[in-house]
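Observations on the model geometry
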Amino acid sequence: MTLSRVNENGLVLLGCGKMGSAMLQGWLTQGLNANSVTVIDPHPSQWVQGLVQQGLHLNEPLPDNPAICIIAVKPQKMGDALPALRALGNGSTVFLSIAAGTSIGAFADALGDQSPIIRAMPNTPAAVGQGITALIGNPHINDADMQMGEALLGAVGQTVRLASEDQMDAVTAVSGSGPAYVFHLIETLAAAGVAQGLPKDMALQLAKATVAGAGALAQAADEDPTQLRINVTSPNGTTAAALEVLMNETDGFPALLDRAVTAAADRSRELGKE
């Protein structure tokens, strides 16, 4: 990706926990200069502290007009963190937030209503470069700004642009919270294997590899997931017997996941109002 604008003008990372560190590691791998980065975090990890030797600025005064400021603090800490960034507002610095439930309007109120702001929702597989992030910008974001945001977030996975901010609650419920649903699937699949007589360690290994492999196949295959499911389902076979249970319209996956995603999306809307 092209990092010249960021390397020349600088990047501020407000909050460097697991997600912030995953992104920073991806950026450095792809050519971002450590001396172009300013990290603001009251409790930096040893890894982040070690980057100071490479030129990274840790808890130092903010640079003048950095190209972009990534806001990666938890929503409940936003009120304390944002005032420190207000000096950068209403200028050319792009603000990119990965905080769940905080609207573009809330950032505009805190940073200045002329500030270029991108709201993004990544997910935790970004830690292994397999994330996916949805982005939406306010009217002060131009195409070059959005491309810069996509390039940075593309260092840890795929990106998609939203048509409206209203879609962010659904994104939060599907891909933002979605990894937890898959982790629970691994848990329950392994537990079911143990119930059928497998050793616990073996059942977990089988469940992890099955879910990871199926996901990789779904990403790589030309067929859609429906066809992939059909391909592995022999008539009157073992998979068909299982799917008869899982695809039950009353208490199977369709109804259960619809209720789960609806609950997550509703909670995301509630968080946006708090």
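Since the structure is predicted, the reported quantities are computational estimates derived from the model, not experimental observations.

1. Quick look at the overall build of the protein chain
For the protein chain, the count of helices and strands is 12 helices and 8 strands. Oriented by its inertia axes, the alpha-carbon framework of the protein chain measures out at about 65 × 40 × 35 Å. For the protein chain, restricting intrachain contacts to residue pairs at least 6 apart in sequence, the fraction spanning at least 24 positions comes to 59%. Roughly 15100 Å² of accessible area belongs to the protein chain as shown, and the carbon and sulfur atoms make up 55% of that amount.

2. So, the UniProt feature "domain: Pyrroline-5-carboxylate reductase catalytic N-terminal" (unreviewed entry) in the protein chain
Here the UniProt feature "domain: Pyrroline-5-carboxylate reductase catalytic N-terminal" (unreviewed entry) sits at residues 13–100. Helix and strand shares over residues 13–100 are 24% and 18% respectively, and the end C-alpha atoms of the span are 16 Å apart.

3. Considerations on the packing of helix α8 (residues 178–195) against helix α9 (residues 200–220)
Remark: α8 packs on α9, axes separated minimally by 8 Å, with the N-to-C direction vectors making an angle of 140°. Our classification of the angle between α8 and α9 gives oblique. Remark: the crossing between α8 and α9 carries right-handed chirality. Every residue of α9 that contacts α8 at Val182, Leu185, Ile186, Leu189, Ala190, Gly193 and Val194 is listed here: Lys200, Ala203, Leu204, Ala207, Lys208 and Val211. Within the contact of α8 with α9, the residues separate by chemical class into 10 nonpolar, 1 polar and 2 charged.

4. Comments concerning helix α6 (residues 143–153)
Those residues of α6 lying buried are Asp145, Met146, Met148, Gly149, Glu150, Leu152 and Leu153. Where α6 begins, the side chain of Asn142 points an oxygen toward the backbone nitrogen of Ala144, at a separation of 3.1 Å.

5. Let's talk about the packing of helix α7 (residues 168–176) against helix α12 (residues 253–273)
Here α7 crosses α12 at 135°, and the two axes come no closer than 8 Å. Viewed along their axes, α7 and α12 adopt a mutual orientation that is oblique. The interaxial crossing formed by α7 with α12 has right-handed handedness. Residues Asp169, Thr172, Ala173 and Val174 of α7 form the contact with α12, whose participating residues are Val261, Ala264, Ala265, Ser268 and Arg269. The class makeup of the residues in the contact of α7 with α12 is 5 nonpolar, 2 polar and 2 charged.

How each quantity is defined
Residues numbered from 1 in each chain as written. Predicted model: local features only at pLDDT ≥ 70, side-chain atom pairs only at ≥ 80, totals over all residues. Heavy atoms only, no water. Helix = DSSP H or I, 4+ residues; strand = E, 2+ residues; numbered from the N terminus. Contact = heavy atoms within 4.5 Å. Areas by Shrake-Rupley, 256 points an atom, 1.4 Å probe, with all protein chains shown as cover. UniProt positions renumbered as here; feature names shortened; annotations may be inferred. Axes fitted to C-alpha atoms, helices over the stretch in contact; angles between N-to-C directions. Parallel < 35°, antiparallel > 145°, perpendicular 65-115°, else oblique. Left-handed = near helix turned anticlockwise from the far one by under 90°. Nonpolar A, V, L, I, M, F, W, Y, C, P; charged D, E, K, R; others polar. Buried < 20%, exposed > 50% of the residue type's maximum accessible area, 1.4 Å probe, protein only. Polar contact = N/O pair within 3.5 Å; in protein donor to acceptor, adjacent residues only side chain to side chain.

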